[in-house]
Amino acid sequence: MTASASTQTEYNHGPSLAGKGGLILAVVALFLITVITPEGFTPPKAYAPGGFCFSGTDLQLLPGRLMVWLNLGLITLLALYQILFTRRFNFIPSQNLSYASVFIFCTACLPWAVYRLSTGVAIALLILLSSNILFAVYGRRNASESIFVLFTFLSWGSMIDFAALYLVPVFFVSAIICKAMRFGEFVAMLLGLAAPYWIVLATGAVSLQSLRVPEISTFMQSNIEAGSLGANWFYLELLIGAVFFLFLLLLNSLRRAATSARSRAMFAVLNLVGCCLIVLMFIDIRNVQAYCLGFLMMLGYQVGYWTASIAAPKRNIFIGFLFLVSIALFTVCQLLPA
């Protein structure tokens, strides 16, 4: 048996939470936790700042469980696209599915992410699409068309949520990291950002006077100010996740030094996106739901990088520990008033 075949057997058929078994467990947990969560559970009212063209609204768009199950379906599709994206560029061994397992399981343990149909899924999808475009043009001498498409997506997104606007400088730096930003690409970026607004203004779909200005909310202006214990624990969960992310980033950075330049660039882009999402979550905190799914996805990638380099027993213990911490925090959230 070859080394690769042995590795595949260990992931898929052995007792490893990093393989298909862990992914199935995470999906089951996602739907099981949703079923057992009390019907009366209501997260604090979501704050939706909107974007340049559309004002914020309460995100309770659909009644009761219909909204919850629709959101679960979108999260599951997002995880599927994450797996396809990761396997396309192979920056984590294809047999290792711990990144998707951690993303799904941690999302299941965040009621505020599951029980509110928010722009979080759209922003997370936008991050994956933008990363997909950048990774595909790594080192290409003429990437103007791809860069135009990338920043056009971000521009359209900024019309409905300012979170997409804050991702523009993140992916500008990411394009530089991927060696896909020269003068021609810079012009394409500016045109991509301007084109959607030129379309909606020229067609009269939106008037110049109706364009809105982003508002950054501070920590003290958040739900914490209202004294919501449930909200406090929600932010604590994200804070613990941020600590895990930064710890794993440091460990993984030491291990990635010997990899190829292309692999290091992809790793650097995901690190940059994750770090920026942490900053945005705690600066633009009233719109934290727009960032938390994307952040949990980046946390999953850090776990994926780390578990790909350690033995199966340690891998199981580490992932199992993350799952137990998530369950513990979820249980505390359920016991506290919203």
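Since this is a predicted model, take the numbers as computed values, not measurements.

Student: Before we move on, can you summarise the nonpolar core with the specific residues and values?
Tutor: Core analysis: the largest hydrophobic core is formed by 104 residues, its most contacted members being Phe91, Phe103, Phe135, Phe151, Phe171, Met298 and Tyr301. Ranked by residues supplied to this core, first place goes to helix H13 (residues 289–307) with 13 residues. The residues contacting tyrosine 301, other than those within four sequence positions of it, are Gln82, Phe85, Thr86, Phe91, Ile92, Tyr99, Leu128 and Leu270.

Student: Run through helix H7 (residues 144–160), naming residues and quoting values.
Tutor: An α-helical turn contains 3.6 residues, so a residue and the one three or four places further along point in the same direction. Counted at 1.5 Å a residue, the expected span for H7 with its 17 residues is 24 Å, and the 25 Å between its end C-alpha atoms agrees. Restricting attention to buried positions, one finds in H7 the residues Ser146, Ile147, Leu150, Phe151, Thr152, Leu154, Ser155, Gly157, Ser158 and Met159. Along its buried surface, H7 packs onto helix H6 (120–136), helix H8 (162–166), helix H9 (168–177) and helix H10 (183–202).

Student: Give a description of the side chain of serine 98 that names residues and reports values.
Tutor: Among the secondary structure elements, serine 98 is positioned in helix H4 (residues 98–108). Looking at serine 98, its side chain comes within polar contact range of the side chain of threonine 307, at 2.9 Å. With near-sequence residues (within four places) excluded, serine 98 lies in contact with Ala18, Val303, Gly304, Thr307 and Ile319.

Student: Give a detailed account of the packing of aromatic side chains, specifying residues and quantitative values.
Tutor: Enumeration according to the criterion identifies 14 aromatic pairs in this entry. Centre to centre, the rings of phenylalanine 91 and tyrosine 305 are 6.3 Å apart; their planes meet at 35°, and the pair counts as tilted. Here phenylalanine 91 is found in the loop between helix H3 (64–89) and H4, whereas its partner tyrosine 305 is found in helix H13, with 214 residues between them in sequence. The pair formed by phenylalanine 91 and tyrosine 305 is uniform in burial state, with each residue classed as buried. When the ring of tyrosine 99 is compared with that of tyrosine 301, the centres are 5.4 Å apart and the planes differ by 20°; the resulting orientation is stacked. In this pair, tyrosine 99 sits in helix H4 while tyrosine 301 sits in helix H13, placing the two residues 202 residues apart along the sequence. By the burial criterion, tyrosine 99 is buried, and tyrosine 301 matches it.

Student: Hey, could you go over the packing of H6 against H9 for me, with residue numbers and the actual values?
Tutor: A pair of packed helices is characterised by two quantities: the angle between their axes and the separation of those axes. With their axes 10 Å apart at the nearest point, H6 and H9 run at an angle of 20° to one another. Between H6 and H9, the interaxial angle falls into the category roughly parallel. When you trace H6 past H9, the crossing you get is right-handed. Contacts between H6 and H9 involve Ile127, Ser130, Ser131 and Leu134 from the first element and Phe171, Ser174 and Ala175 from the second. Partitioning the contact of H6 with H9 into residue classes produces four nonpolar, three polar and no charged.

Student: Quick rundown of unusual backbone geometry? Include the residues and the values.
Tutor: Across residues other than glycine, the phi torsion is negative in most instances, and most of the peptide bonds are trans. Here asparagine 90, not a glycine, exhibits a phi torsion of approximately 55°, which is positive. Within the element layout of this structure, asparagine 90 appears in the loop between H3 and H4. Despite not being glycine, lysine 179 shows a phi value in the positive range, around 55°. Take lysine 179: it is sitting in the loop between H9 and H10.

Student: Tell me what's going on with a nonpolar patch on the surface, and back it up with residues and numbers.
Tutor: Taken together, the side chains of Phe148, Val149, Phe153, Phe183, Phe186, Val187, Leu190 and Leu191 define a hydrophobic patch exposed on the protein surface, amounting to about 700 Å² of accessible area. The greatest single-element share of the nonpolar patch, amounting to five residues, is contributed by H10. Tracing the chain through its elements places leucine 191 in helix H10.

Student: Account for the packing of H6 against H7, naming residues and giving values.
Tutor: Two elements in contact, H6 and H7, have axes whose closest approach is 9 Å; the angle formed by their N-to-C orientations is 170°. In terms of their interaxial angle, H6 and H7 are classed as roughly antiparallel. Facing Leu126, Ser130, Ile133 and Leu134 of H6, the residues of H7 in contact are Ser146, Ile147, Val149, Leu150, Phe153 and Leu154. Split by residue class, the contact of H6 with H7 holds eight nonpolar, two polar and no charged.

Student: Could you give me a rundown of the environment of serine 146, with the residues and numbers involved?
Tutor: Here serine 146 shows up in helix H7. When near neighbours in sequence (up to four residues on either side) are disregarded, serine 146 contacts Ile133, Val137 and Arg140.

Conventions and cut-offs
- Residues numbered from 1 in each chain as written.
- Predicted model: local features only at pLDDT ≥ 70, side-chain atom pairs only at ≥ 80, totals over all residues.
- Heavy atoms only, no water.
- Core = buried A, V, L, I, M, F, W, Y, C linked by side-chain atoms within 4.5 Å.
- Buried < 20%, exposed > 50% of the residue type's maximum accessible area, 1.4 Å probe, protein only.
- Helix = DSSP H or I, 4+ residues; strand = E, 2+ residues; numbered from the N terminus.
- Contact = heavy atoms within 4.5 Å.
- Expected span 1.5 Å × (residues − 1).
- Polar contact = N/O pair within 3.5 Å; in protein donor to acceptor, adjacent residues only side chain to side chain.
- Phe/Tyr/Trp six-rings, centres within 6.5 Å; stacked < 30°, edge-to-face > 60°.
- Axes fitted to C-alpha atoms, helices over the stretch in contact; angles between N-to-C directions.
- Parallel < 35°, antiparallel > 145°, perpendicular 65-115°, else oblique.
- Left-handed = near helix turned anticlockwise from the far one by under 90°.
- Nonpolar A, V, L, I, M, F, W, Y, C, P; charged D, E, K, R; others polar.
- Patch = residues over 30% accessible without salt bridge, like charges linked within 9 Å, V, L, I, M, F, W, Y side chains within 5 Å.
- Areas by Shrake-Rupley, 256 points an atom, 1.4 Å probe, with all protein chains shown as cover.
- Salt bridge = Lys/Arg side-chain N within 4 Å of Asp/Glu carboxyl O.

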